[in-house]
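Observations on the three-dimensional arrangement
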Amino acid sequence: MALLAVLIPLLMLGVVLVLGRYEELLLPQKDPGRSQPAAVPSAGTVVASSPAPAGTPAPSP
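The sections below set out a description of the structure shown in this document. (Residues numbered from 1 in each chain as written. Predicted model: local features only at pLDDT ≥ 70, side-chain atom pairs only at ≥ 80, totals over all residues. Heavy atoms only, no water.)

So, about the overall build of the chain. Along the chain, the regular secondary structure elements total two helices and zero strands. For the chain, buried positions account for 0% of its 61 residues. Entry remark: accessible area of the chain is about 6300 Å², with carbon and sulfur atoms responsible for 70%. (Helix = DSSP H or I, 4+ residues; strand = E, 2+ residues; numbered from the N terminus. Buried < 20%, exposed > 50% of the residue type's maximum accessible area, 1.4 Å probe, protein only. Areas by Shrake-Rupley, 256 points an atom, 1.4 Å probe, with all protein chains shown as cover.)

Written out as structure tokens, the structure is:
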């Protein structure tokens, strides 16, 4: 019985992992933003905003 208590969760984990791989192969997602490298700001870029002073609460939405 103790052997079943160890084997059943491991088998269930294996099934979940295999199903995840199967889903990735069956439904590949093309993410155009992922293949593009991140844009690097130039040295002349000026940041216009500044962080709020300490102790100031964030604005509510």
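Now for a nonpolar patch on the surface. Residues L3, V6, L7, L10 and L11 make up a contiguous nonpolar surface patch of about 500 Å² in total accessible area. In this fold, L11 is placed in helix α1 (residues 2–26). (Patch = residues over 30% accessible without salt bridge, like charges linked within 9 Å, V, L, I, M, F, W, Y side chains within 5 Å. Salt bridge = Lys/Arg side-chain N within 4 Å of Asp/Glu carboxyl O.)

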